Every structure is written in C-alpha cells, then in structure tokens.
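Structural description and commentary
Listed below are the residues making up each chain.
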Amino acid sequence: MNTDVVIVGAGPAGIFTALELRRQGSRQKIIMVEKGQPVEKRHCPKSKTGRCVNCKPYCHITTGFSGAGAFSDGKLSLSCEVGGDLPDLIGAGLAQETIEYTDQIYLEFGADEHVEGAENTDAVKAIRKRAIQAGLKLVDCPIRHLGTEKAQQIYGAIEHHLLENDIEILFGWECRNLILDGETCLGVSIARGTETEEIRASHTVIATGRRGADWLERICQEHSIAHQPGTVDIGVRVEVRNEVMENVNNVLYESKLIGYPLPFKNKVRTFCQNPGGFVSQENYDDDLAVVNGHSYKELKSNNTNLAILCSHNFSHPFNQPIAYAQKVGELTNMLGDGHILVQRFGDILDGKRTWQNELSRSNLVPTLPDAVAGDITAAMPYRSMVNIIHFMQAVDHVVPGFASIETLLYSPELKFYSNRVKMDDHFHTNVHGLHCLGDSSGWTRGLMMASVMGVLMGRYLVQDELS
Ligand SMILES: Cc1cc2nc3c(=O)[nH]c(=O)nc-3n(C[C@H](O)[C@H](O)[C@H](O)COP(=O)(O)OP(=O)(O)OC[C@H]3O[C@@H](n4cnc5c(N)ncnc54)[C@H](O)[C@@H]3O)c2cc1C
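First, a word on scope: everything that follows refers to the structure included in this document. (Residues numbered from 1 in each chain as written. Predicted model: local features only at pLDDT ≥ 70, side-chain atom pairs only at ≥ 80, totals over all residues. Heavy atoms only, no water.)

Of the regular secondary structure elements, the protein holds 14 helices and 21 strands. Relative to its length of 467 residues, the protein is compact, with a C-alpha radius of gyration of 22 Å against a globular reference of 23 Å. Principal axes of the C-alpha set define a box for the protein whose edges measure 65 × 45 × 45 Å. Across the 467 residues in the protein, those meeting the buried criterion constitute 60%. For the protein, contacts bridging at least 24 residues in sequence account for 76% of all contacts bridging at least 6. Surface summary for the protein: the accessible area is close to 18600 Å², and the carbon and sulfur share equals 50%. Separation between the mean location of the 44 positive side-chain charges and that of the 57 negative ones in the protein comes to 4 Å. (Helix = DSSP H or I, 4+ residues; strand = E, 2+ residues; numbered from the N terminus. Rg over C-alpha atoms; globule rule 2.2 N^0.38 Å. Buried < 20%, exposed > 50% of the residue type's maximum accessible area, 1.4 Å probe, protein only. Contact = heavy atoms within 4.5 Å. Areas by Shrake-Rupley, 256 points an atom, 1.4 Å probe, with all protein chains shown as cover. Lys, Arg positive; Asp, Glu negative; His and termini not counted. Charge placed at Lys NZ, Arg CZ, Asp CG, Glu CD.)

Bringing the pattern of salt bridges into the picture now. All told, the structure shown has 21 salt bridges when counted by the stated rule. Between Arg-420 and Asp-85 there is a salt bridge, with its nearest N and O atoms 2.5 Å apart. Taken together, the positions of Arg-420 in strand E20 (residues 420–421) and Asp-85 in the loop between strand E3 (75–77) and helix H3 (86–90) put the pair 335 residues apart, joining distant regions of the chain. The class for Asp-85 is partly exposed, based on a relative accessible area of 24%. (Salt bridge = Lys/Arg side-chain N within 4 Å of Asp/Glu carboxyl O.)

To continue, consider the packing of helix H1 (residues 12–23) against helix H4 (residues 92–108). Contact pair H1 / H4: the axes reach a minimum separation of 12 Å and the direction vectors enclose 90 degrees. Regarding the angle of H1 to H4, the classification is roughly perpendicular. Touching Pro-12, Phe-16, Leu-19, Glu-20 and Arg-23 of H1 are Tyr-101, Thr-102, Ile-105, Tyr-106 and Glu-108, all from H4. For the contact of H1 with H4, the per-class residue count stands at six nonpolar, one polar and three charged. (Axes fitted to C-alpha atoms, helices over the stretch in contact; angles between N-to-C directions. Parallel < 35°, antiparallel > 145°, perpendicular 65-115°, else oblique. Nonpolar A, V, L, I, M, F, W, Y, C, P; charged D, E, K, R; others polar.)

Attention now moves to a nonpolar patch on the surface. There is a patch of nonpolar side chains on the surface, built from Leu-331, Met-334 and Leu-335 and spanning about 290 Å² of accessible area. Along the chain, the position of Leu-331 falls in helix H9 (residues 321–335). (Patch = residues over 30% accessible without salt bridge, like charges linked within 9 Å, V, L, I, M, F, W, Y side chains within 5 Å.)

Once that is clear, we can look at the nonpolar core. If you look at the biggest cluster of nonpolar residues, it comprises 77 residues, and the most contacted ones within it are Met-32, Phe-65, Leu-86, Tyr-106, Ile-158, Leu-162 and Phe-427. For this core, the leading source of residues is helix H14 (residues 447–466), giving 12 residues. When near neighbours in sequence (up to four residues on either side) are disregarded, Met-32 contacts Ile-7, Gly-9, Ala-10, Gly-14, Ile-15, Ala-18, Leu-162, Ile-167, Glu-168, Ile-169 and Leu-170. If you look at the next biggest cluster of nonpolar residues, it comprises 46 residues, including Val-124, Val-268, Leu-341 and Met-380. (Core = buried A, V, L, I, M, F, W, Y, C linked by side-chain atoms within 4.5 Å.)

Around the ligand, 35 residues are found, and the nearest of them are Glu-34, Ala-68, Cys-175, Asp-439 and Leu-447. Here an oxygen atom of the ligand sits 2.8 Å away from a polar atom, N or O, in the main chain of Leu-447. Protein chains shield 96% of the accessible area of the ligand, which is 1000 Å² for the free molecule. Secondary structure elements with two or more residues in the shell around the ligand: H1, strand E2 (30–34), strand E7 (174–181), helix H13 (438–441) and H14. Among the residues making up the shell around the ligand, the classes are represented as 11 nonpolar, 15 polar and nine charged. (Near = heavy atom within 4 Å. Polar contact = N/O pair within 3.5 Å; in protein donor to acceptor, adjacent residues only side chain to side chain.)

Scanning the entire structure with this criterion turns up eight aromatic pairs. Seen in terms of ring centroids, Phe-65 and Phe-171 are 6.5 Å apart; in terms of plane orientation they differ by 65 degrees. Their pairing is edge-to-face. Of this pair, Phe-65 sits in the loop between helix H2 (46–49) and E3 while Phe-171 sits in strand E6 (residues 167–171), placing them 106 residues apart in sequence. Between the aromatic rings of Phe-314 and Phe-318, the centroid separation amounts to 5.3 Å while the plane-to-plane angle is 85 degrees, which identifies the pairing as edge-to-face. Chaining the aromatic ring pairs together yields one cluster made of Phe-16, Tyr-106 and Tyr-155. Geometry around Trp-443 places Arg-420 over its ring, the cationic atom sitting 4.4 Å from the centre. Residue placement shows Arg-459 over the ring face of Tyr-101; its charged tip is 4.5 Å from the ring centre. (Phe/Tyr/Trp six-rings, centres within 6.5 Å; stacked < 30°, edge-to-face > 60°. Lys NZ or Arg CZ within 6 Å of the ring centre and 35° of its normal.)

With that settled, consider the pairing of strand E12 (residues 256–259). Here E12 shows no split at all, with Lys-256 and Ile-258 on one side and Leu-257 and Gly-259 on the other all buried. Where strand E4 (residues 137–139) meets E12, three bridges bridge the pair, whose relative direction is antiparallel. Bridging across to E12, Val-139 finds its partner in Lys-256. Pairing of E12 with strand E13 (residues 268–274) involves two bridges; the strand directions are antiparallel. Considered in E13, the bridge of Gly-259 is made with Val-268. (Pairing = 2+ DSSP bridges.)

A few words on H9. Under the 1.5 Å per step criterion, the end-to-end length of H9 is 22 Å for 15 residues, consistent within 8% with the ideal 21 Å. Elements in contact with the buried residues of H9: helix H7 (213–223), strand E11 (232–241), strand E15 (289–294), strand E17 (341–344) and strand E19 (408–416). Asp-337 lies just past H9 and shows a positive phi near 55 degrees. (Expected span 1.5 Å × (residues − 1).)

So this is what it looks like as structure tokens:
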C-alpha cells in the first residue's frame, strides 16, 4: 500500500492530525492504522459483569478510535499550564492559541458550551489564599467537561466526519515496526493476526498513546531515533465524600494544586478530579492493574476522587523509569491478589493495614467495589509515600477533611510518560519523514494537549505539501 501520510494510532493526536489536514484543504492520501475498534464497537464488559475481566488482546477502555479519550471523563483542560510539556517545545503563546482553536472544533462536534472554573470570584480567591498559606500553588485551569457518554458521541461524530472525508482507517491492524532506509522513514509494517502488510508513506506519524510508550521506546532504540528517558508519576487515587470537596467542586470543579513537601521537596500534584465520580480499574497488556477515575455527566456518586502524583526521574546508573513504575505496580497488584489495593488514610498514619470490614464503618463507601483492603505502604516507595502523606496534610488546610481518617487511598496510580522523543518545533525527529505525537512522544499528558499537537502536525504537513 502507498500513501502520502500514514498515522499510527487513532487517539486524539492522530485524529486531529487527519482532521486538520482536511480542514486546511489537503487532498493528500491519508491512512490511519488503529489496533482497536471503531468507537461504536468499543464496549467495556465491566458495565455488565461489574468487574474488570481483563479483555484480550486489548483493553477497550484505552484502545480503539479516540484512544484513551472515548471512555475517559473527557475533561478538556483549556490552559497550556496543564497537560504536559508541549509549551516547552513550541512556546506557550502558540500552545494557548491552538488550545482555543482546538476547543472550537470540539464545540463544533457537540461539546457542552459550559466551561468550569473560568471565573476569578471571591470564592476562588479564598481557596487560593488557603493554598498559599499551606505552601501550595493553585493553577488556573478552565475545564470543558465532555463527560464519559458525551465524549463517545463527540468522537463518534469525528470518526464519521473523517471517513466521509476520505480518510482510510484500518481498524484491528497493529503497527509492528518502521520501514527505514538509512536515516529516512519510508513507512510502517503492520499486522492483523497472521496477515502482514507494508504501508509506504512520505510522512509517518506515530501517535500510539501511553499504551504504546514501551513499544515506541523499543523502536527508538532499534532505529537510533533520538530520545531521552522521561518521567513517570507514581501515586494514589484519593476518594472522599462530596461534602468534603463541595466548596472546591462548586467553585473550581477541578482544583489543580502543586506542592513541594518536605523533606524531599519533590513536585507533587493533584490530577484528574472527578466530583460525584467513580474510581475505576484499567488493565495494561502485561496484566498490570492500575487505578484511575472518571465521572459521568448524568450518573453521580456520593464521592469525589482525584489522583495525587509524584514525578520520578532517573539518570545514572539506572535510566528506565517505566520499568521502575511497573515493578511498583506489580508489587502492589501482588499484595492485592491482582486487584487494586485500598487503604484508609488513618490506617496509614497508624501503621496498620485496612481490613475489608473496617471500610463499612465509614461515611465513605468505595466506588470501586472490587478493590481489596490492605496495606499500600508495603509496596509504595518510601519517598513517594512520604510525599503523598505530607502533600495530603497540606491539602487538608485548603479542603478541611481531605486528610481525614476515613479518606481512601487506592493504589497503584501510575502514569507512564517516558521516552521523550527529541524533535524540533515542527515535530521532525532525527529520522527524515518521521514524526511522533501525543502521549507516546512524551510531550503531552492529556486530551487537549494531544489534540493540539495533532492540529499543529496537520498544519505542518500541509505547509510541507505546499512548499
Ligand atoms: C481512564 C482514563 C481517563 C482519562 N481522563 C482524561 C481526562 O478527563 N482529561 C484528559 O485531558 N485526559 C484524560 N486521560 C488521558 C487522555 O485520554 C490521553 O492523554 C490522551 O488520550 C492521549 O492521546 P493520544 O492520541 O496521545 O493517545 P491515546 O489516546 O492513547 O491513543 C493512542 C491510540 O493508538 C493505538 N495504538 C497503540 N499502539 C498501536 C500500534 N502499535 N498500532 C496501532 N495502533 C496502536 C491505541 O489503540 C490507541 O487507540 C484519561 C485517560 C484514561 C485512560
């Protein structure tokens, strides 16, 4: 097969590359390769079975058209201070401008007009004042909340639009490798079961998401694509009653707090806050069970959940952050007999595990019923655990009750952003014709920033077509 552009991965980064190419009038032949299914065929059996059945060959939550986005909470962060380090590569001005442009596209495809956390009211000022007193930074980040069900509809409409505009999408095909001639990329080799194909292209765009980060790292090593070890985040998913978070939920929807707690002064931050939301489990291909959270537009729980994450970097003699985080995850999974572990904050401070029957003594009912009560501190690295405890105690000044005895901590919450691919500001790697986008490139960490990177890629490919 021959084409002008091949895009591997139909997550937001890949989708918006194709979308922007067409919006800018490009008639180039575009093929997308996606190992999962179209958005309308993605179904997580957990809604019927009540528990994760560890789907094979891949998890429907993270794989298929719209990538990790379709089943996600769909919170679009409208500030370039959130969602990864792309502004360091392209400049904060362009990043913010492109966020506003990309947001309009989401609106055109049916996103809710309402933006949460856009006003700087007296209530926001009061929260900021308490954050300052606690030594935390409150990041301003307006959020457009798509909601899990609505996100699927929006991405479904985009899928339909792409197909109508002559974008060929090969579902169920997995990219196995790049085809290289010296320092030029000529396309990709793909497979579906025992069938194999080659796609020859002038431009190859790799946008394989977090799930594809390991694979891309191997490809970078094999083909000497310049890259550097990035960061991994290790943390917990915290769950409290809505009453505790009421003020922050109403005023900000999402409180993005950053701190550098003693004694290590590492960066610790809140992430992905879900008022009235549900804690969820996702399974990686290697059977690693990790915790996450989401919220629905209509269906609400009595609880709010959010992640607390600590960043980890390694240099010498060990420089494999993904492997490190995986080991932490595996150890935690082992202690939970393959399930997500949950522990009360008070028990952590008391140095004891949580027992299943103790959970029912609280006001707080876990929204992840198959989580297993135990001792997350037996698997969490000391530095991360101390960071989390001290950070939670600081957040308690901003949100009284946050660090209460019954607050639940689920583990492992792991974010793999490793392997940052070295590129110029037009996303050229050191291999001619090869571009790497989105979460797998190590430059983004969210729906909006991955979409922005796709939009810019589309524009740069059009510029190349016209020159
Ligand atoms: C449960 C959950 C909730 C989330 N909630 C939010 C949120 O509310 N707000 C937010 O901003 N972010 C959220 N995120 C993160 C967000 O979804 C990602 O940052 C974003 O989707 C990254 O986009 P991407 O295009 O880089 O990669 P992805 O969306 O991961 O897409 C990559 C695609 O590539 C495909 N692929 C991978 N390898 C191959 C291969 N070898 N061959 C072919 N196809 C391949 C995958 O199947 C996938 O469809 C959430 C993530 C999860 C898992």
